[in-house]
Structures are given as C-alpha cells and as structure tokens.
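Fold and geometry: a report
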Amino acid sequence: MISAIVSAVWAAAPGLITGIVLAAFSRRQKRRDDAAEERRQEYQQKEIVKLNLLVASAELTRATAVAVKYGHTNGEMIEGLRRYNEAIEQFREYEREQLIS
C-alpha cells in the first residue's frame, strides 16, 4: 500500500515540478512582455507629441510666410497659432508626465 503511494508520488513529481517551473517562467515572461508593451506605448506617445509639434510649427511657419508675402494675415495664421498652442500644450503635458514618473 505505502509503496503504491510512493510510486504514485514519484510518478506525479516530474509533471508537478514541470508545471511549477512553467508557471513561474510564464509569469516572469508576462511581466517582461508587459514592460516592453509599456515602453512601446510611451515611445509611441512621445513620437506623436513630437510629430504634432513639428507639424504645427510647420503650419505656423507657412502661415507667417504667406502673411509676409502678401502683407497681411489671414485665416491660416489664426489656424496655425491655434494648432501650435494645442501642440505645445500637449508637449508640456507630456514633459510633466515624464517628470512625475
């Protein structure tokens, strides 16, 4: 009777040990994957903020050039300033978030 129990324990031990090792590995890998995904999202957010600021600056530059060329401001200048102000605010918000974390 006892030898049957010991045999059953020895038969189940490799599967149990393998299961525990795989569970620990899986948990560790999930943490790595989550950290990598978080870094990717942060990078993507940073690039979007930078691109928005770059485009807004280009629009404002173009509007300024048109205004200088024709000697008066137009709707492009107002829109360019609005887009620039939005983009710079997003950039400042992003900077504050980076300082906090």
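Details of the structure are given in the entry above.
The sections below set out a description of the structure shown in this document. (Residues numbered from 1 in each chain as written. Predicted model: local features only at pLDDT ≥ 70, side-chain atom pairs only at ≥ 80, totals over all residues. Heavy atoms only, no water.)

Moving on, we get to the overall build of the protein chain. In terms of regular secondary structure, the protein chain is built from two helices and zero strands. Its C-alpha atoms give the protein chain principal-axis dimensions of about 105 × 25 × 15 Å. A separation threshold of at least 6 residues defines the contact pool for the protein chain, and within that pool the share at least 24 residues apart is 64%. Accessible surface, the protein chain as shown: approximately 8300 Å² in total, 63% of it carbon and sulfur. Of the side-chain charges in the protein chain, 15 are positive and 14 negative, and the distance between the mean point of each set is 6 Å. (Helix = DSSP H or I, 4+ residues; strand = E, 2+ residues; numbered from the N terminus. Contact = heavy atoms within 4.5 Å. Areas by Shrake-Rupley, 256 points an atom, 1.4 Å probe, with all protein chains shown as cover. Lys, Arg positive; Asp, Glu negative; His and termini not counted. Charge placed at Lys NZ, Arg CZ, Asp CG, Glu CD.)

What follows deals with the pattern of salt bridges. Counted according to the given criterion, the structure contains nine salt bridges. A single network of salt bridges, built from pairs that share partners, joins Glu79, Arg82 and Glu86. (Salt bridge = Lys/Arg side-chain N within 4 Å of Asp/Glu carboxyl O.)

Close contact between helix H1 (residues 2–70) and helix H2 (residues 75–100) brings their axes to 8 Å; oriented N to C, the two are set at 155 degrees. Of the possible angle classes, the one that applies to H1 and H2 is roughly antiparallel. For H1 against H2, the interelement crossing comes out left-handed. Residue classes in the contact of H1 with H2 are distributed as 15 nonpolar, six polar and seven charged. (Axes fitted to C-alpha atoms, helices over the stretch in contact; angles between N-to-C directions. Parallel < 35°, antiparallel > 145°, perpendicular 65-115°, else oblique. Left-handed = near helix turned anticlockwise from the far one by under 90°. Nonpolar A, V, L, I, M, F, W, Y, C, P; charged D, E, K, R; others polar.)

Before going further, it helps to examine a nonpolar patch on the surface. The grouping of Met1, Ile2, Ile5, Val6, Val9 and Trp10 at the surface amounts to a nonpolar patch, some 730 Å² of accessible area in total. The residue Ile2 is located in helix H1 in this model. For Ile2, a relative accessible area of 64% puts it in the exposed group. (Patch = residues over 30% accessible without salt bridge, like charges linked within 9 Å, V, L, I, M, F, W, Y side chains within 5 Å. Buried < 20%, exposed > 50% of the residue type's maximum accessible area, 1.4 Å probe, protein only.)

Moving on to H1. One full turn of an α-helix is made of 3.6 residues, so residues set three or four places apart face in the same direction. In this model H1 runs 100 Å from its N-terminal to its C-terminal C-alpha over 69 residues, within 8% of the 102 Å that 1.5 Å per residue would give. The sharpest bend along H1 comes to roughly 35 degrees, located at Ala13, with the proline Pro14 sitting one to four residues further on. What H1 keeps buried is the set Val49, Leu53, Ala56, Leu60, Ala63, Val66 and Ala67. The secondary structure elements touched by the buried residues of H1 are H2. Once H1 ends, the next one or two residues include Gly71, with phi positive near 85 degrees. (Expected span 1.5 Å × (residues − 1). Bend = angle between axes of the 7 residues up to and from the residue.)

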